[in-house]
Amino acid sequence: MALVGRTVNLETLIDFNRLLRIAKVMVAKLQYLGGLSLLISFLDKVSATHFMENKVLWDLWFSKLTIWNGQSLPLERVVWLKISGIPLHLFDTEVMVQIGELFGKILHVPNSLKEDQDLTVCRIGVLAGEAGRIYEEVSLRWKNRGSG
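Rules used in this analysis
- Residues numbered from 1 in each chain as written.
- Predicted model: local features only at pLDDT ≥ 70, side-chain atom pairs only at ≥ 80, totals over all residues.
- Heavy atoms only, no water.
- Helix = DSSP H or I, 4+ residues; strand = E, 2+ residues; numbered from the N terminus.
- Contact = heavy atoms within 4.5 Å.
- Pairing = 2+ DSSP bridges.
- Axes fitted to C-alpha atoms, helices over the stretch in contact; angles between N-to-C directions.
- Buried < 20%, exposed > 50% of the residue type's maximum accessible area, 1.4 Å probe, protein only.
- Polar contact = N/O pair within 3.5 Å; in protein donor to acceptor, adjacent residues only side chain to side chain.
- 1 Å grid on protein atoms, 1.4 Å probe; cavity = no way out; pocket = protein on both sides within 12 Å on 5 of 7 lines; lining within 4 Å.
- Points joined across faces, edges and corners; volume = space filled by probe spheres on them.

Time to look at the side chain of E76. Here E76 lies in the loop between strand 4 (62-67) and strand 5 (77-84). Look past the residues within four positions of E76 in its chain and what remains in contact with it is R6, G34, G35, L36, S37, L127, A128 and G129.

Before going further, it helps to examine the sheet that holds strand 6 (residues 105-108). The 3 strands lie next to each other as 5-7-6, forming an open sheet whose pairing is antiparallel. Since the sheet does not close on itself, it has two edges, and those belong to strand 5 and strand 6, each with one partner. Averaged over all neighbouring strand pairs, the angle between strand axes comes to 40 degrees, with direction disregarded. Bridge count between strand 6 and strand 7 (residues 121-128): 3 bridges; the pairing is antiparallel. Residue pairing in the sheet places H108 in a bridge with G125 of strand 7. Across the sheet, helix 5 (residues 93-100) lies against strand 5, strand 6 and strand 7, angled at about 40 degrees from strand 7, the strand it touches most.

On to the environment of R6, then. In this structure, R6 sits in strand 1 (residues 2-7). A residue is classified by how much of its surface remains accessible, and R6, at 24% relative accessible area, is partly exposed. For R6 and V97, which are 91 residues apart along the polypeptide, the C-alpha to C-alpha distance reads 22 Å. Among the polar contacts made by the side chain of R6, one reaches the side chain of E76 at a distance of 3.0 Å.

Secondary-structure assignment places N69 in the loop between strand 4 and strand 5. Its relative accessible area of 65% is what places N69 among the exposed residues. Remark: the alpha-carbon pair of N69 and L57, spanning 12 residues in sequence, is separated by 23 Å.

Time to look at the layout of surface pockets. Volume-wise, the second largest pocket comes out at about 210 Å³. Taken together, 13 residues form the lining of the second largest pocket, with V4, R6, S37, L73 and P74 sitting closest to its centre. For the lining of the second largest pocket, the secondary structure elements donating two or more residues are strand 1, strand 2 (29-34) and strand 4. Per-element accounting of the lining of the second largest pocket gives the leading share, 3 residues, to strand 1.

This is how it looks when you write it as C-alpha cells:
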C-alpha cells in the first residue's frame, strides 16, 4: 500500500528521509513525484494505515496525505529561477519574491542577499505547474524608470 503526500515546504521534502529515520518509521520505498509530492510505499497495509492515522506525526510534514489509488496527480515541479541584471538598489529579498511570484509559489529565497558576495545573480526556488523551461524576461519599474 502507498500514500501520496505533499510536503509543507521544500526543507521537509529535502529532509524527508532523515525525518522518517528520526520518527522510526519504516517504509519500503520513497519516490519523488515532482513539485513537493512524494509517493511513500509501505511494507504492508497495516503500516500504511497506522501512519495515515497518526496525524500528530505527519501533520507537521504534509499539507495533504492521501491513499494512492492510481489517481491522476497535478503536474508540479520545483523550478530554480536565475535572476540577473537587477540594479543594486533593487537587489532586495522583497523584489526577488515579487519576481518569483510571477512564475509560481515561492519556495526559497536566500535569507540575506546583502551578505552574498555575488550580486550579479540570485537563484530562487518556485513551485511551478508547467513542464517547459522558463526563458521569460521581467522588466522592473522603479520611480518611472525601466530596468531589464
